[in-house]
Amino acid sequence: MITGKMFRDGVISGANNIANSRQAVDALNIFPVPDGDTGTNMSMTIASAKDDIKDMPDDASIGDVSKRVASALLRGARGNSGVILSLIFRGFSKAFKGLEQAGGKDIARAFRAGSDAAYKAVMKPTEGTILTVVRCAAEAAETMAEINDEPIEVCVAALEAAKQALASTPDLLPVLKKAGVVDAGGQGFLLILKGIESVIGNDVIIRPIGEEALADSTDSAVEGISDIKNNYSIKLEIHKTSTAKESSPEKLRAYLEALGDGVSVSEDRGIIRVEVNTDAPGTVMTTGAKYGEMYDISIINSRQKPVQEPVGQTEDGIAEPEKDYGFVSVCAGDGLNELFVDLGSDVVVSGGQTMNPSTDDITKAVLSVGAKTVFVLPNNKNIIMAAQMARDEIKDREVVVLETKTIPQGIAAMLNFDETIGTEENVETMMDAASRTQTANITFAARDSEVDGRPIQKGQIMGICNGTIRFIGEDKEQIAFDSACEMFNPDENSLITVIYGEGMTEEDANRLEGMLGERLGDTAEISVVDGGQPVYYYIISVE
């Protein structure tokens, strides 16, 4: 039988196992854009459960332990992969509810419940992902439980099926096969299962290797905030490669000291670890890309805090619903922060690419808004599921998640809010405006890759138009210009907004504005906004 102690230790072991390999899981992401990578998101998600259950007594029931795990994972879920992981463990919790210990058939039911919960949460389930891995594990567990319901036999059957399913993911997703990798989410889940099986099968907790703590990029309420000289605290690892343009950590340290303070650069066996406080995180990452592959990127906005006092907030951070409507927006960058406040956001949650906020971050933000109906704008496709999870947990007010996938979509939605009409009509109007808003993101390639037969070298500038890499080059303004012109149709569009990020100057943005004005003439109204966002040199909106 599987006891609560075994399940507790198994989850801890699984959390350690994925933490030890999170960089390898991150490296499986085939899209070269710097983002909140799968391994990091899953590791941070299950780490929240590890921290919550580590002090539970040895005699705790498996029902109680699994309930605590599911609750912690829900609160700590980050990114789509973290949300799916939390749903799998929620299924485990439902199957183990009320049980002191679990037998083989209970474990099979747990895998089935976890698989069903994960599939149900995804609107268009895609095979060749973590969904396939957990489903195959469930099927194998059910088959074995009918033959031999010894818990260890059922667990081993599930683990072996998960391994085979993961190996098959490239055959189910051509994009994985072309890149020569397996699915990152499936790999992360398998690592967690291996950690659990190590305890159940061998009574061995896999131990963490090196520094296991991951920085939470959404921490707030920093003491001494008025004394901070640089807005962003950055930590990252650079794995040196033979094709890198630079190699000297001393040269990197000297450069970073010119960008900020608190600089720490150390090298060990080909891995350069970097810490710096700066106002130019994008420049740090662009420079880091010259030295090798970047992993474990953490960017904390040290000045980030709620942008205005939410209406009627109590000491516990929960506001009584008083006004009819309120807004929570997610974005990164002081300029964008101020813009969303000006548009009516009650609270701005710091987050976006590389900085996916947790379900708990979004929940607390919503509860701090004193409104009967709160609209949440994720403004990033990898934050939508976490926002939906937060919505489902809040019972004392209506929470509406507008599925905005980009910053311009979020801006367009808020511009079209009308307090004189009802919620359903507002949702329709706001999302219609968002769907008609085109977005180009100008950023750098985080890794060598290939898209549609075109090679992309790490560090090159990319123009990503409506989610597709369209332009690759070296000149940021030229790539931004080409991207804007690609999206703009004078018969359908009239407005172009250029949002420039940290590391870019007003002069840079004005140069781009001039290039667009010369090409498009009177057919387009062009506006320039200082967004201050990290990761993206420019965000271009076409309406």
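The structure this text deals with has already been given above.
I will try to describe carefully the structure that is included in this document. These numbers come from a predicted model, not from an experiment.

Looking at the packing of aromatic side chains
Piece 1. Under the definition given, this model contains 8 aromatic pairs.
Piece 2. Considering the side-chain rings of Phe327 and Phe417, the 4.9 Å spacing of their centres and the 85° angle between planes classify their relative orientation as edge-to-face. Here Phe417 lies in the loop between α15 (407–415) and α16 (423–435) and Phe327 lies in strand β5 (residues 323–331), a separation of 90 residues in the sequence.
Piece 3. What links up through ring pairs into an aromatic cluster is the set Tyr325, Phe327, Phe375 and Phe417.
Piece 4. Directly above the ring of Tyr537 sits Lys476, whose terminal nitrogen or CZ lies 4.9 Å from the centroid.

Some thoughts on the nonpolar core
Piece 1. Among the nonpolar cores identified, the biggest contains 87 residues, and Phe7, Ile46, Val69, Phe89, Phe111, Phe189 and Val328 are the most heavily contacted of them.
Piece 2. Beyond its immediate chain neighbours, meaning those up to four positions away, Phe189 contacts Met42, Leu85, Ile88, Phe111, Ile130, Val133 and Val134.
Piece 3. Ile442, Leu516, Leu520 and Tyr538 belong to the second-largest nonpolar core, a separate cluster that totals 28 residues.

Topic: the sheet that holds strand β7 (residues 371–377)
Piece 1. Pairing is parallel in the open sheet, where 4 strands are placed in the order β6-β5-β7-β8. The sheet terminates laterally at β6 (347–350) and β8 (398–401), the two strands that pair on one side only. Within the sheet, the average angular offset between the axes of one strand and its neighbour, ignoring direction, is 20°.
Piece 2. On top of the sheet, helix α14 (residues 384–393) reaches β7 and β8; it is set at about 170° to β8, its chief contact.
Piece 3. Each of β5, β7 and β8 touches α16; the most contacted strand, β7, lies at about 15° to it.

Some words on the side chain of Asp9
Piece 1. Relative to the assigned elements, Asp9 resides in helix α1 (residues 4–26).
Piece 2. With residues near it in sequence (within four places) discarded, Asp9 still touches Val199 and Ile205.

Brief notes about the environment of Ala434
Piece 1. When you line up the elements, Ala434 lands in helix α16.
Piece 2. Distance from Ala434 to Thr404, taken between C-alpha atoms, is 6.8 Å for residues 30 residues apart in sequence.
Piece 3. Not counting the four nearest positions on each side in its chain, Ala434 is found in contact with Thr404, Gln409 and Ala412.

Reading the values: rules and limits
Residues numbered from 1 in each chain as written. Predicted model: local features only at pLDDT ≥ 70, side-chain atom pairs only at ≥ 80, totals over all residues. Heavy atoms only, no water. Phe/Tyr/Trp six-rings, centres within 6.5 Å; stacked < 30°, edge-to-face > 60°. Helix = DSSP H or I, 4+ residues; strand = E, 2+ residues; numbered from the N terminus. Lys NZ or Arg CZ within 6 Å of the ring centre and 35° of its normal. Core = buried A, V, L, I, M, F, W, Y, C linked by side-chain atoms within 4.5 Å. Buried < 20%, exposed > 50% of the residue type's maximum accessible area, 1.4 Å probe, protein only. Contact = heavy atoms within 4.5 Å. Pairing = 2+ DSSP bridges. Axes fitted to C-alpha atoms, helices over the stretch in contact; angles between N-to-C directions.

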